[in-house]
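These are the residues of each chain, in order.
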Amino acid sequence: MVIGPSSTSTEEIFSLTHNAVSVICNEDGFFQALRFTDMQRQAASTHALYRSMSKTSASVCLRFFSRSEVNLTLKRYNESLLPRSGDLAFDFSALYGRPFDIVETIDLRYGDDEVIEHPLKSGVITIEPDKMVTIYLPMHHQIGFKLEGDVESLKKQEKVLLCMGDSIIQGVGIHHPSQALCEHLSRILDMQVINQGLAGAMVNPKIVDSIGVPVSSILIGLGTNDWVVRNNLAELRGEMFAMLGRVRKFYPNVPITLLTPLWRSDILEPKHMGTFSEMQKTLAEATYCCPKIRVADGLSLSLRNAYDDGYLHPNAKAVAFLAKGLAQQL
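Residues numbered from 1 in each chain as written. Predicted model: local features only at pLDDT ≥ 70, side-chain atom pairs only at ≥ 80, totals over all residues. Heavy atoms only, no water.

**A closer look at the overall build of the protein**
Secondary structure assignment for the protein yields ten helices and 16 strands. Relative to the globule expectation of 20 Å for 330 residues, the C-alpha radius of gyration of the protein, 19 Å, shows essentially globular dimensions. If one aligns the C-alpha atoms of the protein with their principal axes, the spans along those axes are about 60 × 40 × 35 Å. A total of 330 residues make up the protein; the buried ones form 57% of that total. Counting contacts in the protein only where the partners sit at least 6 residues apart, residues at least 24 apart contribute 80% of the total. Just so you have it, the protein exposes about 14000 Å², and 52% of that area is on carbon and sulfur atoms. (Helix = DSSP H or I, 4+ residues; strand = E, 2+ residues; numbered from the N terminus. Rg over C-alpha atoms; globule rule 2.2 N^0.38 Å. Buried < 20%, exposed > 50% of the residue type's maximum accessible area, 1.4 Å probe, protein only. Contact = heavy atoms within 4.5 Å. Areas by Shrake-Rupley, 256 points an atom, 1.4 Å probe, with all protein chains shown as cover.)

Written out as structure tokens, the structure reads:
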């Protein structure tokens, strides 16, 4: 397949795109790989952070065999984080207590060789001919891309793992996309992994939608933001009950694993909702209404001395440990 900057269809690009729900071509001619449906992005438009992060390509990979030298042209987009009228009033920076460190690379791997980490910036990356190529798109920043050269698409994994969650699922705390949780799970389980993690996300039934392809397994990792923001356990229980009901509407027979929140440094500080252990228990109890749901204990899957921010987001070592433990339960 010979592709060029102005003659390529979204269908051709989607054939090279793994772990994505869809691909669109923007008005500027650059393609963008999406991991949420239109309905989900609309549901996520209630806050500037959600709007921005829902348009990123977290855990999406471009995979192909390069029959010729290939040029990958990148364009970074800057989504406004200014609030709009009617937005949720949460100030996530204040709640988090420090700036998000979302510096990252775009990663390139030839076959099973070591990953080459490129600075994330607009420009051209030249890819060698006669190589099996994997390009790991960034997790936290919006980019458009174009490809030019002769490439052969690679077969996608048939099974799909759908991951819904917050910043830990999305990949905050990881600075190289090839090291992210969903990419680890994809390699271990030999599955496509659709990453629908969203920084700052709370339990929200409105964000659940059919992604349009058969799903083999579902991972849900939420609750840590609810513990800080929500006022009572009853509200959390009701929202999780409703979310699981909506998941069952779209995926009636798919096994679900609920990952309860990981360790965080303020775990002993009571919040308005109650204690951390009460929150975890409430999430687990909400699963009793639905069959085929396994609960994975986030505390037992946490490496408590391996946090990127020393507080909330596990680093690459801890994420690898988490992925290995989760893979055994999925």
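**Focus on the sheet that holds strand 12 (residues 160-165)**
Spatially, 13-12-14-15-16 is the arrangement adopted by the five strands of the open sheet, whose pairing is parallel. With one partner strand each, in any of the chains shown, strand 13 (192-197) and strand 16 (293-296) form the two edges of the open sheet. With direction set aside, neighbouring strand axes in the sheet form an average angle of 20°. Judged from the six bridges that link them, strand 12 and strand 13 form a sheet pairing that is parallel. By the bridge assignment for strand 13, Cys163 is matched with Asn195. Set on the sheet, helix 8 (residues 233-250) makes contact with strand 12, strand 14 (217-221), strand 15 (256-259) and strand 16; between it and strand 14 the angle comes to about 160°. (Pairing = 2+ DSSP bridges. Axes fitted to C-alpha atoms, helices over the stretch in contact; angles between N-to-C directions.)

**Section: the nonpolar core**
Ranked by internal contacts, the top residues of the largest apolar core, which has 68 residues, are Leu185, Ile218, Ile220 and Leu326. With six residues, helix 8 is the single largest residue contributor to this core. The residues touching Ile218, leaving out its near neighbours within four places in the chain, are Leu161, Leu162, Met164, Val247, Tyr251, Val254, Pro255, Ile256 and Thr257. In this structure, Ala20, Val60, Tyr110 and Ile127 belong to the second largest nonpolar core, which totals 26 residues. (Core = buried A, V, L, I, M, F, W, Y, C linked by side-chain atoms within 4.5 Å.)

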